[in-house]
Amino acid sequence: MKKKKKMMMMMMGGVLAPFSSVDIFRPKAPFRLSASAVDVRVESGAAATSTTAIVWYKHDLRVEDHPGLVAASQHRCVVPLYVFDRRILSRFSDEMLELLLFALEDLRKLLNEQGSNLMIRYSPRMFTTTAAAILSLVDLPSSYNDFTKLNPPVVSPIMPPKLSGNLMNLSWGTLPTLADLKEYRDDISDGGNKKEEWTSIKNLSAENLLQRKNLRGNVELKPPKLEKENQQDPDSKTIRRKKPEKSAFVTSQGSSVGGGSSLVLNALAGYLRYLEGTARDEWQEVHEKLRLYEKREGASFQALFGSALLLGIISRRRVYDEAIKYEKERNGGFLSPFGYSTTTVAAAINTASSMEWYWLLNLKCQKSKAGNFSIRIWRWNNYLIQYTTAGHEGPAILLVHGFGAFLEHYRDNVYPIAEAGNRVWAITLVGFGKSEKPNTIYTELVWAELLRDFIIEVIGEPAHLVGNSIGGYSVAIVAGIWSSLAKSVVLMNTAGNIIPGYSALGYSEDRRTSGAVWLGARLLLVYLRFNIRNILRSFYPAKTDRADDQLINEMIRASYDPGVIFVLESIFSFDLSLALNYLLEGFEKKILVIQGMKDPLSDSKSMLAMFREHCREVAIKEVNAGHCPHDELPNEVNSIIKEWVATLESEGSPVAVKQLQQ
């Protein structure tokens, strides 16, 4: 039986395809449900042919390579269903909504060709499949290094099934217009606690807002109306070019591949063949976009095809299959043992493999618990982000970890703080722990924008922001740029500096990777794997036993995750020139500094002296700990935080609101 389970998980050169089959919905009426994460168990004989299967589409908007659709096709009648859910749509940009509508239109057409249709419905409530049992995930290793050693057989994509023509007399519904879908997404009258004025906060990047606050010196400010256009596609030649007839850049912004599966597959073929050159207009367009988004080697694939893969217009397995076919075509039918022959093939395969790994890893985490935590998953910019929450009433508190850590670093803080009458969230930032580690450029502004969106989309109200190390610097940026989101700021051995007489400084724009950074990150990774135990213990001088196997093993596990090297490269390009005293100006009586006085990474006494001199009415608590006081002395730090929040909440004083310079 165990062997059979293993064979149900088939590997595609690093891409795992789950083929476990379980019933996840069994109402009294003869209906079965199939979703993207799970497939229906098909029973042989009359039982399967006399029932109706509902295929609930979510992130798998295709008919090809869809195991759930194949399983459902053995039933008497198949009802494909897509539900517009406002809470999911609220995380989609306008361009993503366009891509969704194009994908659904194409899906309905393809289902018609297979003898079926697509039912469209709306729901104010979130559907979930968390009760479903994913049997094959039991055997999934937690380490990517162990996962790759399994080396199951390669499998090919599944062809679309022919569906029953017995569609019954159903009301299938019509697809909305883009304007209608935007209105549905932005309707906040349906019991949401999200403030209406927050809807515009995410429209401008942190970088642009810093420009407007005149923090970046001699930088030419872009007119607000052009910002989005310039962010998405600054290549003026691309903007002026007439769109090819078979263009896969179907949205008005034209920054992501989309449309139907045939358009996406054609764009993929053009992407893979970048080095060959082409006379085909639509492939030339793909090549121009590739050059635009190749901020680092291989990053263009995620930027161009990430949305199509998120919507499931094509499967990750299909991407892998097409890339391998092309690689064999270039090499006379063989695969080289020394790597892939082009950067585009490597980018496609590595991205698809990485996305599949994190998808499976996060599914497994949702079924189990990280210590005492129930793991939840949030999608941010198409990436999977882990978080946990505790408490049902009281003020909101967000805990943010430092570099190399994860939400479990607050293992002894989340519940004790929540039990004092608070609602507590702890998040694992993109690039760390079991959150996704995409091929992108990581900066302190990226993490600040992630926290901004998390407060808006998940917490839904202003929160007390608590951060350790680089997490402290990130929450300071959030408070400095989007002050309406922060009730107070708690900095625990924070990164960053106090700069007397702060004036506008040059803020680094170019974070591209040099050869020296490439090599340095790889040497650093090897060093950390062999020395993490000693390094971590040096951060816990008062209680070295707190630097235990739980923390060390997770750090070592994460060091083998795909994409971890991109995060380490960011160490060499961190820019901490935004002064803490400037970011927190206007937060008088709303700043608490908890400082471990034995921190081996900084001069704690000098740091606190600077805080006292240059940050007005800052509260300071000194503790006998190292760099991570919240984990080294959790009881003491918990008491400080609980008292701090309770005092501020009882005073009922309004949050200091700083207006951004226009």
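Counting starts from 1 at the beginning of each chain's written sequence and moves along it residue by residue. Reporting of local features is limited, given that this is a predicted model, to residues whose pLDDT is at least 70; pairs of side-chain atoms are given and counted only at 80 or more, and all residues count toward the totals for whole chains, interfaces and linings. As a convention, hydrogens and water are excluded, and side-chain values are obtained from all of the structure's heavy atoms.

You'll find the protein entered in an unreviewed UniProt entry as Pheophytinase, chloroplastic, with Sesamum radiatum given as the organism.

K.L.:
Explain the sheet that holds strand β9 (residues 376–380) to me, please; I cannot follow it from the model alone.
P.N.:
The pairing of strands in a sheet happens through backbone hydrogen bonds and is either parallel or antiparallel. Overall, mixed pairing links the eight strands, which are arranged β9-β10-β12-β11-β13-β14-β15-β16 in an open sheet. The sheet is open, and its two borders are formed by β9 and β16 (619–623), each paired with just one other strand. The average undirected angle you get between the axes of adjacent strands in this sheet is 25°. By the convention used here, residues are in contact when the closest approach between their heavy atoms is within 4.5 Å. The convention used is that axes are lines fitted to C-alpha atoms, helices contributing only their stretch in contact, and that angles between N-to-C directions extend from 0 to 180 degrees. Counting from the N terminus, the helices are the DSSP runs of H or I reaching at least four residues and the strands are the DSSP runs of E reaching at least two. Along the sheet, helix α17 (residues 444–459) contacts β9, β10 (383–390), β11 (396–400), β12 (423–427) and β13 (463–468); its crossing angle with β9, the most-contacted strand, is approximately 120°. At least two DSSP bridges between two strands are required for those strands to pair.

K.L.:
Even after reading the chapter, I still don't get the packing of helix α14 (residues 316–330) against helix α15 (residues 343–367), so can you show me in this structure?
P.N.:
Each packed pair of helices is defined by two parameters, the angle between the axes and the distance between the axes. Where α14 meets α15, the axes come as close as 9 Å, and the angle between the chain directions of the two elements is 155°. With respect to each other, α14 and α15 are oriented roughly antiparallel. Seen along the crossing, α14 lies across α15 with a hand that is left-handed. On α15, the residues touching R316, V319, Y320, A323, I324, Y326 and E327 of α14 are V345, A348, I349, A352, M355, E356 and W359. Three classes are used: nonpolar for Ala, Val, Leu, Ile, Met, Phe, Trp, Tyr, Cys and Pro, charged for Asp, Glu, Lys and Arg, and polar for all others, with Gly counted as polar. Split by residue class, the contact of α14 with α15 holds 11 nonpolar, no polar and three charged. Each angle is binned into one of four classes, with values under 35 degrees roughly parallel, values over 145 roughly antiparallel, values of 65 to 115 roughly perpendicular, and all other values oblique. The hand of a helix crossing depends on one turn: near helix anticlockwise from the far one by less than a right angle means left-handed, and clockwise means right-handed.

K.L.:
Explanation requested: unusual backbone geometry in the structure shown.
P.N.:
A negative phi angle is the norm for most residues apart from glycine, just as the trans form is the norm for most peptide bonds. Residue S469 is not a glycine yet carries a positive backbone phi of 60°. Looking at S469, the relative accessible area reads 13%, which means it is buried. For every residue, the accessible area (1.4 Å probe, protein chains only) is compared with the maximum for its type, and the residue is labelled buried under 20%, exposed over 50%, or partly exposed between those bounds.

K.L.:
Is there a simple way to explain the pairing of β16 in this structure?
P.N.:
Put simply, side chains in a regular strand alternate between the two faces of the sheet. Here five bridges tie strand β15 (residues 591–596) to β16, and the two strands are oriented parallel to one another. Bridge assignment links L592 to a residue of β16, and that residue is A619. Note on the crossover from β15 through helix α23 (residues 604–614) to β16: the handedness is right-handed. A crossover gets the label right-handed when its path from the first strand over the helix to the second runs clockwise, viewed with the strands pointing away from the viewer.

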